[in-house]
Amino acid sequence: MSSLKKERVHFSEPMSLMERRHFLTIMSASIALAGLNGCTRQPIEQILPYVKQPENLIPGQPLYFATAMVLNGFATGILAESHEGRPTKIEGNPQHPFSLGSTSVFEQAAILEFYDPDRSQNVMRTGRISNWDRFLSELVPILEKQKTTQGAGLRILTETISSPTLVDQLENLLTQYPRARWCQYDPVNRDAVYEGAKLALGQPAETHYEWDRAKVIVSLDADFLFYHPARLRNTRLFSRQRNVASQKKVEMSRLYAVESSFTLTGAMADHRLPLPSTRMEHFTYALILALRGRPLFGNEFLADPTIEVWLKTLAKELLDHRGESIVVASCFQSPQTHAYVHWINEYLGNLNRTIFYASPIHKSEDIESLGEVVAEIHSRKVDTLIILEGNPAFNAPADYDFASALLTVENTIHLSAYYNETSARCQWHIPATHFLESWGDARAYDGTVSLIQPLILPLYQGKSAHSLVAYVSQSEITDSYELVRSFWKKKNIWPNFEKGWRRALHDGIIEGTRLVSKNFPIQFEPTAPISSSLPLSEKNIEINFRPDPMLWDGRFANNAWLQEIPKPFTKVTWDNPLLISSHLAKKLNLQNEDVVELKLNDRNLRAAIFIMPGQADYAATFYLGSGRSRAGRVGNQVGWNAYTLRTSHALWTETGLILNKTQKQYPLAVTQSHHRMEGRNLLRAGTLAYFMGNPNFAQELSETPSPDTTLYHFKTSRSEEYAWGMVINLTTCIGCNACVIACQAENNIPVVGKGQVIAGREMHWIRVDSYYRGELKNPKAEHQPVPCMHCEHAPCEVVCPVEATLHNAEGLNEQIYNRCVGTRYCSNNCPYKVRRFNFFHYADIREPSLRLMQNPDVTVRWRGVMEKCTYCVQRINQARIAAKKEYRPIRDGEIVPACAQVCPAEAIVFGNGNDSEALVSKLKKHSLNYGMLEELNTRPRTTYLAQLKNPNPLLLQTEPRYESGN
């Protein structure tokens, strides 16, 4: 038996049984070697000191560099942590206007993507390894031919671009080849937003929102806390308006959400209405009529009395809060819906108060669409196609059949980080650099330019888009650094260029580049929308295509962290089932994991179904991005490819879907049932009105309340100076899972694979539980992050036979890995189920690139030990050392665990409970503070602020109530 192979993550079956004699032989050898090897197998390698140590580098102390990550053309400012020249962690840049010091799951997981051994490492020609010099030699005659026709056969296909330098390069290239064309295609685009602005304002525009100024918010299928390009800033401002614990005057905004499927924004809403997306345009126009006090126009869906109550209530709320409200629609809705929303916001006087207009940061004039390029390919007008990033052979609309069209082009060049579906169909594939190893620039949502600077030389033979375009345009400068630097030098925006350049590199942003707000008067009078299609039914189902909450459009399919993290609400990992309502499932006699055949016009696909609470009836949701065939060893053949059903005329929503049940079932890895409440009050919630009348309701919900357990003041700490604790605010937590990924990146937590997740062996040190309250048709959804509680009276400690888990003087529940013998008694005795056992050697430290990724301040665990949250004890120790050097105590806020640092909602607060002025101490004394299962007398150091909602009494009768504040 090969024990090493059996320990790898892709083996989900337990190790086979062995004879007693053979077992004793192996154990005796293991015990004999234990004194030599300890708990881990150390690699044999040379360790050499620096001959000349780099400036400002102290071994063991990380450096931080400001840079940016771009997703769908919008930049997020980040700080990248570097240990001895290798990036190990990503944090938000506090000086960036749209990250504000936080990040999302995508930025956190980018570090794993950077070290991914499946990233393209070689120049490829027709599927075979080639080299850069040969590519350049063959590029010359191609360009010479294009010069003779002024580039008539040259097309450049890119994703959405906001890089000022790259836009300038492409415009210069088009000047050299006047008949060449530039096409932009992004599967997650904002075309409807710009088209809607054209209808209402006469020109494209972006809308900027001041969520902290709004008292009433109406979201029309708009998940502005997650899918919006300014999601981090939106979450920060929205959460501050809802954070009762930090306000002197207790007040909250009120959020209404109308959507077809649960979103993070919908879960935070005080009222949520499930509504098919195809009815959103009619709903919005009906809202205009209600605001004007006119009769509602006839429509079959408006016959629902609940919708009529909603429309009248929304109209009254919005009119009562003129200039203090926001109505927002998603990029998944029609341009007509966006035009309605622009009219509503102006009618309510919200312009220049809660919303502002600015020009789009993306260049869109004179840029071809992907459909035009495909048509030109079929008409033999394109002989050279250069594709910069993206994967259109996978994610282009199905009716374009771009993958087949690509094969007919004479010369095709693809720049990509992975050898993906598009690369396999191109003549040339050029490996692209990662943003952590290349120079560049990009704009944030408000136009602020961020500089992208590398932390390390390219791991492989990668080239940036700047360099490739420079070679194509035969520029004298081809180095990315010089290209970016020379562009901004020509801009002449700094009196002293060198000083301004260095300041921009340090801060990560270029001051003064934000786009100026503009006043765009409404040029639109609302008219009734076109009649809707046939009524929805089990024979005419609406299908909604949405970016995957973790894989996005499929670009992160090979990222194991994002594949394994449970998706919000469903808690499904490693798959993308079709989400349907319980009503539709009952109509079609379907259950979870049933495989159905999806028929949409002339297109077919098979997929498993998942019954989703709160899903609109006769509306299904299908996440894009799965079903890849050339993603890498992690993402290949995972899930189902929803792009095969998606067409150009219905990118986000289409009716006519028919589901036919098959006799097959497909196992889904779902973590929702792994940690049950067992009828206990783990999550406590109430309304703002109930809290105002009964401020102590959170403690009163305890089964055995007492002065000692109702409010914990760290009285039993063994240290007089420090007593570390944490408070999690359930009112502001949006359940985005960023804390889970941040913890994984910081603490070297491995993935285990789908089979192990099904067995209940996921390794995340912090989980986000989802709970539903009310009827399946439209329940309340609630989130609760659960790390280790660090109990003062920890049940895990008294049962450990080797004292591997014990308390230190500052109250931390420590886990000593080299003592642990894997009895798992501690896990069995933990009422919170926050301890994880390393059943196999999940951590892959044999892959050279993945070894570079590990945080050197945290142990990489071998199999057979128990793991859990440590409050990021390595960060506590770093702060302690720094404080001792300066002969001072540790300051409040100086220690920020990974989960708290990443949180855009500022829902997690950590600090010293013995410091009465510390924020964590003040929150512990708040009347909303409670400890989970405090009736067990575990005295947890991690406590919660009960969740509050601010419902409208007029709508409470149509929705599930909070009984007794619970």
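Numbers given to residues run from 1 along each chain, matching the order in which its sequence is written. Selection of residues for local features in this predicted model requires a pLDDT of at least 70, selection of side-chain atom pairs for listing and counting requires 80 or more, and totals for whole chains, interfaces and linings are taken over all residues. Side-chain metrics in this entry use all non-hydrogen atoms of the structure; hydrogen atoms and water are not considered.

Draft legend 1. Inspection of the overall build of the chain at higher detail. Strands are runs of DSSP state E lasting at least 2 residues, helices are runs of H or I lasting at least 4, and numbering of each runs from the N terminus. Scanning the chain from terminus to terminus reveals 31 helices and 39 strands. For the exposure calls, accessible area comes from a 1.4 Å probe over protein chains only, and a residue counts as buried if that area is under 20% of its type's maximum, exposed if over 50%, partly exposed in between. Per-residue burial over the chain gives 62% buried out of 966 residues.

Draft legend 2. Spatial organisation of helix α12 (residues 370-378). Those residues of α12 not exposed but buried are Leu370, Val373, Val374, Glu376 and Ile377. Down the axis of α12, the sector holding all buried residues measures 160°, keeping them to one side. Working rule for contacts: check all heavy atoms of both residues, and any pair within 4.5 Å makes them a contact. Where α12 is buried, its residues meet β6 (154-158), β7 (181-184), β14 (384-388) and α14 (402-406). After α12 finishes, the residue Arg380 shows a positive phi value of roughly 65°. The arc in question is traced by the directions running from the helix axis to the C-beta atoms.

Draft legend 3. Examining the confidence of the model for the chain more closely. Looking at the chain, the pLDDT average stands at 87 and 89% of residues meet or exceed 70. For every residue, the pLDDT score states the predictor's confidence, bounded by 0 at the bottom and 100 at the top. With pLDDT under 50 throughout, residues 1-18 is counted as low confidence; its partners more than four residues away or in other chains account for 33 contacts. With pLDDT under 50 throughout, residues 962-966 is counted as low confidence; its partners more than four residues away or in other chains account for 20 contacts.

Draft legend 4. Main features of the packing of aromatic side chains. Only the six-membered ring of Trp is used, alongside the rings of Phe and Tyr, when aromatic pairs are assigned; centres must lie within 6.5 Å, and planes under 30 degrees apart are stacked while those over 60 apart are edge-to-face, with the rest tilted. Counted according to the given criterion, the structure contains 37 aromatic pairs. By the ring-pair criterion, three or more aromatic residues cluster together here, those being Phe106, Phe226, Tyr227, Phe332, Trp552, Phe556 and Trp652. Over a ring means this: the NZ of a Lys or the CZ of an Arg is within 6 Å of the ring centre and within 35 degrees of the ring normal. In this arrangement the basic side chain of Arg233 is found over the ring face of Phe98, its NZ or CZ atom lying 5.4 Å from the centre.

Draft legend 5. Geometry of the pairing of strand β23 (residues 594-600). In terms of residue burial, β23 counts as a mostly covered element, since five of its seven residues are buried. Here β23 runs beside strand β26 (residues 653-665); their pairing, made up of six bridges, is antiparallel. Residue Glu597 lies in a different strand from β26, and its bridge partner there is Asn660. Two strands pair if DSSP finds at least two bridges between them. The hairpin formed by β23 and strand β24 (residues 603-611) contains two residues between the paired strands, and Asn601 there has a positive phi angle of roughly 55°.

Draft legend 6. Looking closely at the sheet that holds strand β17 (residues 440-443). Strands sit in the order β17-β18-β19 across an open sheet of three strands; the sheet is antiparallel. Where the open sheet ends on each side, the last strands, each with one partner, are β17 and β19 (509-510). Inspection of the sheet shows β17 paired to strand β18 (residues 449-452) by four bridges, in the antiparallel sense. When the bridges of β18 are listed, Ala442 appears paired with Ser450.

Draft legend 7. Up close: the sheet that holds strand β37 (residues 929-930). Strand order in the open sheet formed by four strands is β36-β29-β38-β37, with mixed pairing between adjacent strands. Looking at the sheet topology across the chains shown, the edges are occupied by β36 (908-912) and β37. Looking at chain direction, β37 and strand β38 (residues 942-945) are connected through two bridges and run antiparallel. What sits directly across from Tyr930, in β38, is Tyr944.

Draft legend 8. Main features of the packing of helix α5 (residues 164-176) against helix α15 (residues 465-472). To get an axis, fit a line to the C-alpha atoms, keeping to the stretch in contact for a helix; angles then go from 0 to 180 degrees between the N-to-C directions. Relative to each other, α5 and α15 sit at 15°, their axes nearing to 10 Å. When the axis of α5 is compared with that of α15, the two are roughly parallel. Seen along the crossing, α5 lies across α15 with a hand that is left-handed. Along its contact with α5, which presents Thr165, Leu166, Gln169, Leu170 and Leu173, the element α15 presents Ala465, His466, Val469, Ala470 and Val472. An angle counts as roughly parallel when it lies under 35 degrees, as roughly antiparallel when it exceeds 145, as roughly perpendicular when it falls between 65 and 115, and as oblique in every other case. By the definition used in this description, the sense in which the near helix is turned from the far one sets the handedness, with an anticlockwise turn below a right angle giving left-handed and a clockwise turn giving right-handed.

Draft legend 9. Up close: the nonpolar core. Leu598 and Phe622 are the most contacted members of the largest nonpolar core, which totals 223 residues. The biggest single contributor to this core is helix α9 (residues 280-292), with nine residues. Only buried Ala, Val, Leu, Ile, Met, Phe, Trp, Tyr and Cys residues count toward a nonpolar core, and they belong to the same one when joined by side-chain atoms within 4.5 Å. In this structure, Trp132, Leu139, Leu173 and Val469 belong to the second largest nonpolar core, which totals 26 residues.

Draft legend 10. Broad picture of empty space enclosed by the protein. Cavities and pockets are defined on a 1 Å grid built over the protein atoms alone: a cavity is a set of grid points where a 1.4 Å probe fits but cannot escape, while a pocket is an open set with protein on both sides within 12 Å along at least five of seven lines, and lining residues are those with an atom within 4 Å of any such point. Grid points are joined across faces, edges and corners, and a volume is the space filled by probe spheres set on the points. Tallying each qualifying case throughout the model produces 11 cavities of 30 Å³ or more. Approximately 1000 Å³ is the volume attributed to the largest cavity. Every residue lining the largest cavity is counted, 49 residues in all, and those nearest its centre are Val70, Glu159, Glu389, Thr433 and Arg555. Broken down by secondary-structure element, the contributors of at least two residues to the lining of the largest cavity are β1 (63-71), α13 (392-395), β15 (411-416), β17 and α15. Its residues placed into classes, the lining of the largest cavity shows 20 nonpolar, 19 polar and 10 charged. Approximately 230 Å³ is the volume attributed to the second largest cavity. Arg190, Tyr209, Val328, Ala329 and His338 are the residues nearest the centre of the second largest cavity, which is lined by 23 residues in total. Here the term charged refers only to Asp, Glu, Lys and Arg, the term nonpolar to Ala, Val, Leu, Ile, Met, Phe, Trp, Tyr, Cys and Pro, and the term polar to all other amino acids, Gly among them.

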